[in-house]
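Residues per chain, in single letters:
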Amino acid sequence: MKRREFIQSAIGSAITLAALRIPDSAFAQTVQKASVSSTTGQSQTPEILRGVNLGAWLVLEKWMVPSVYEGTDAGDEFHLCQALGSKSKSQLERHRETFITAEDFRWIKNSGLNSVRLPVGYWALEAPKPYVSASDYIEFALDQAQKNNLRLVLDLHGAPGSQNGWDHSGRSGDVGWHKDPNNIKETVRILGTFAQKYGNHPALFGIELLNEPIWDIPVETLKGFYQDAYTQIRQYASPQVAVIFHDSFRAMAWQNFMKGPEYSNVIIDTHLYQSFGDADKQRTAQEQIIFALNRKSTLEQMQREELPTFVGEWSLALPNHSIQDLSSFEGSLVTGAYADTQLLSFENARGWFFWSYKLESNSEWNFRYCVERGWLPEHFPV
């Protein structure tokens, strides 16, 4: 397809449809119409979350904050702390004190967002060697969220043994979490500790049980863990605190699971990227935008047949194949249209959290940079 034809057919149509390019009043009306099917046993007037992930703050990811890893060959937080030895505490605390500050929470509030998702590791409160605990910063985040009228999702991003073998679980390599029952029991205990310590904080929206357990883990193993963790959290946390579980990249595997009246205030988290899979890497830019728009129906089906659902992670990143034949101007138009289309698709879900709020570099993964480029709105309507 010629470039001019592409702009006319793909970009123009997507921007015309884009929710965030219409007046705030009309956008707000769309939000007010959002509802959850009565078959879920959940609230009929849900709080719609629009927020950002505070990624690479309390759980490191090298590609996001490479300066923290300078002078080492480490690829994840475990091996970084191991390599730094006695210097690990001072280096990590220097990063934690400067990467996210009170000013960042004010910026998030002033942008019209209403929530943050905070990734933490199983080592956050009781840090086994070589990790460094982060409890003071969790309390700081909750207090700053309260001061700025933000809701906070406390997300267990890394579990003992690793639930996915990726660096953001704390330690890359083997997926050992589900292979040892003691890992699962310890994860339930840790979640209970989170609930006991933070479960009645006014800024806490919910506790997410486990980030991105890989698709190889048997669904029945995850279901048992999710139910046990729910019971543990409900012993301590206010009923208004949501219990959130990730779909393990299996969107429709959770029908007739954890519904009322036995369970209440349960939400599914799904992560919607279009840059990693083999199919993602084969789509044209126009196909990427159409695919993003069609995700609206999947989210609606999840909420109709399963549980209320939010998009816990998404970004504006696309594979090189999708944009390699476009000029920089056309590529920027694609990115803006892709942003609008995703926001439109997510609007009737329980909400969304962009990955991530900030990085050391400028890219389509950096929310603040995306706002500066005009790909995302400077202000979201209340």
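Each value, and the rule that gives it
- Residues numbered from 1 in each chain as written.
- Predicted model: local features only at pLDDT ≥ 70, side-chain atom pairs only at ≥ 80, totals over all residues.
- Heavy atoms only, no water.
- Phe/Tyr/Trp six-rings, centres within 6.5 Å; stacked < 30°, edge-to-face > 60°.
- Helix = DSSP H or I, 4+ residues; strand = E, 2+ residues; numbered from the N terminus.
- Buried < 20%, exposed > 50% of the residue type's maximum accessible area, 1.4 Å probe, protein only.
- Lys NZ or Arg CZ within 6 Å of the ring centre and 35° of its normal.
- Pairing = 2+ DSSP bridges.
- pLDDT = per-residue confidence, 0-100.
- Contact = heavy atoms within 4.5 Å.
- Axes fitted to C-alpha atoms, helices over the stretch in contact; angles between N-to-C directions.
- Parallel < 35°, antiparallel > 145°, perpendicular 65-115°, else oblique.
- Left-handed = near helix turned anticlockwise from the far one by under 90°.
- Nonpolar A, V, L, I, M, F, W, Y, C, P; charged D, E, K, R; others polar.
- Salt bridge = Lys/Arg side-chain N within 4 Å of Asp/Glu carboxyl O.
- Polar contact = N/O pair within 3.5 Å; in protein donor to acceptor, adjacent residues only side chain to side chain.
- Arc of directions from axis to C-beta.
- Core = buried A, V, L, I, M, F, W, Y, C linked by side-chain atoms within 4.5 Å.

### A closer look at the packing of aromatic side chains
Move 1: Tallied over the full model, the rule gives 32 aromatic pairs.
Move 2: Here Tyr273 and Trp365 contribute two aromatic rings whose centre-to-centre distance is 5.3 Å and whose plane-to-plane angle is 55°, an arrangement assigned as tilted. With Tyr273 in the loop between β6 (266-271) and α9 (285-305) and Trp365 in the loop between β8 (351-354) and α12 (367-372), this residue pair connects regions lying 92 residues apart in the sequence. Trp365 carries the same exposure label as Tyr273, and that label is buried.
Move 3: Here the aromatic residues Trp107, Trp314, Phe346, Trp352, Phe354, Tyr357, Phe367 and Phe380 are joined through ring pairs into a cluster of three or more.
Move 4: The ring of Phe291 carries Arg283 above its face, with NZ or CZ at 3.7 Å from the centroid.

### Concerning the pairing of strand β1 (residues 49-53)
Move 1: Taking burial as the measure, the 5 residues of β1 include 5 buried ones, the bulk of the element.
Move 2: As paired strands, β1 and strand β2 (residues 115-121) are joined by 3 bridges and run parallel to one another. Paired with Gly51 across the bridge in β2 is Ser115.

### Comments concerning the confidence of the model for the protein chain
Move 1: Overall, the prediction assigns the protein chain a mean pLDDT of 91, with 88% of residues at 70 or greater.
Move 2: Per-element mean pLDDT across the protein chain ranges from 42 in helix α2 (residues 24-32) up to 99 in β2.
Move 3: Segment residues 1-13 is flagged for pLDDT under 50; beyond a separation of four residues in sequence, or across chains, it makes 22 contacts in the model.
Move 4: Residue range residues 15-43 is modelled with pLDDT below 50. Its contacts to residues more than four positions away, or to other chains, number 56 contacts.

### Thoughts on the packing of helix α7 (residues 181-198) against helix α8 (residues 219-234)
Move 1: Interhelical geometry of α7 versus α8 gives an angle of 30° and a closest axis separation of 9 Å. Classified by the interaxial angle, the pair formed by α7 and α8 is roughly parallel. Every pair of crossing elements has a handedness; the one defined by α7 and α8 is right-handed. Taking contact as the criterion, the partners of Ile184, Thr187, Val188, Arg189, Leu191, Gly192 and Ala195 in α7 are, on α8, Thr221, Phe225, Asp228, Ala229, Gln232 and Ile233.
Move 2: For the contact of α7 with α8, the residue count by class is 7 nonpolar, 4 polar and 2 charged.

### Some words on the pattern of salt bridges
Move 1: Per the counting criterion, the structure on display carries 15 salt bridges.
Move 2: Among the ionic pairs, Arg117 bridges to Asp155, the shortest N-O distance being 3.3 Å. Here Asp155 lies in strand β3 (residues 151-158) and Arg117 lies in strand β2, a separation of 38 residues in the sequence. Each member of the pair, Arg117 together with Asp155, is buried.
Move 3: Across the salt bridge formed by Arg117 and Glu208, the nearest N and O atoms sit 3.1 Å from each other. Pair noted here: Arg117 is in strand β2 and Glu208 is in strand β4 (residues 204-208), with a separation of 91 residues, a long-range link. Per residue, the accessibility class of Arg117 equals that of Glu208, and both read buried.
Move 4: Connected via shared salt-bridge partners are Arg117, Asp155, Glu208, Asp269 and Glu313.

### With respect to the side chain of His271
Move 1: Inspection of the secondary structure puts His271 in strand β6.
Move 2: With relative accessibility at 6%, the residue His271 sits in the buried group.
Move 3: Among the polar contacts listed, one links the side chain of His271 to the side chain of Asp269, at a separation of 2.8 Å.
Move 4: Not counting chain neighbours up to four residues away, the residues in contact with His271 comprise Arg117, Asn211, Glu212, His246, Gly312 and Glu313.

### Some thoughts on helix α5 (residues 102-110)
Move 1: Buried within α5 we find Asp104, Phe105, Trp107 and Ile108. Buried residues of α5, seen end-on, are gathered within an arc of 160° and therefore sit on one face of the element.
Move 2: Contact partners of the buried residues in α5: β1, α4 (88-99), β2, α6 (135-147) and α12.
Move 3: Of the residues trailing α5, Gly112 is marked for its positive phi of about 95°.

### A short note on the nonpolar core
Move 1: Among the nonpolar cores identified, the biggest contains 100 residues, and Leu118, Phe225, Phe245 and Leu376 are the most heavily contacted of them.
Move 2: Sequence-distant contacts of Leu376, defined by excluding residues within four places in its chain, comprise Trp314, Leu316, Ala339, Leu343, Phe354, Phe367, Cys370 and Val371.
Move 3: Listed in part, the 8 residues of the second largest apolar core include Val153, Phe205, Ile267 and Phe353.

### A few points about the environment of Thr298
Move 1: Looking at the secondary structure, you find Thr298 in helix α9.
Move 2: Taking the relative accessible area as the measure of exposure, Thr298 reaches 33% and is therefore partly exposed.
Move 3: Between the alpha carbons of Thr298 and Met252 there is a distance of 8.9 Å; along the sequence they are 46 residues apart.

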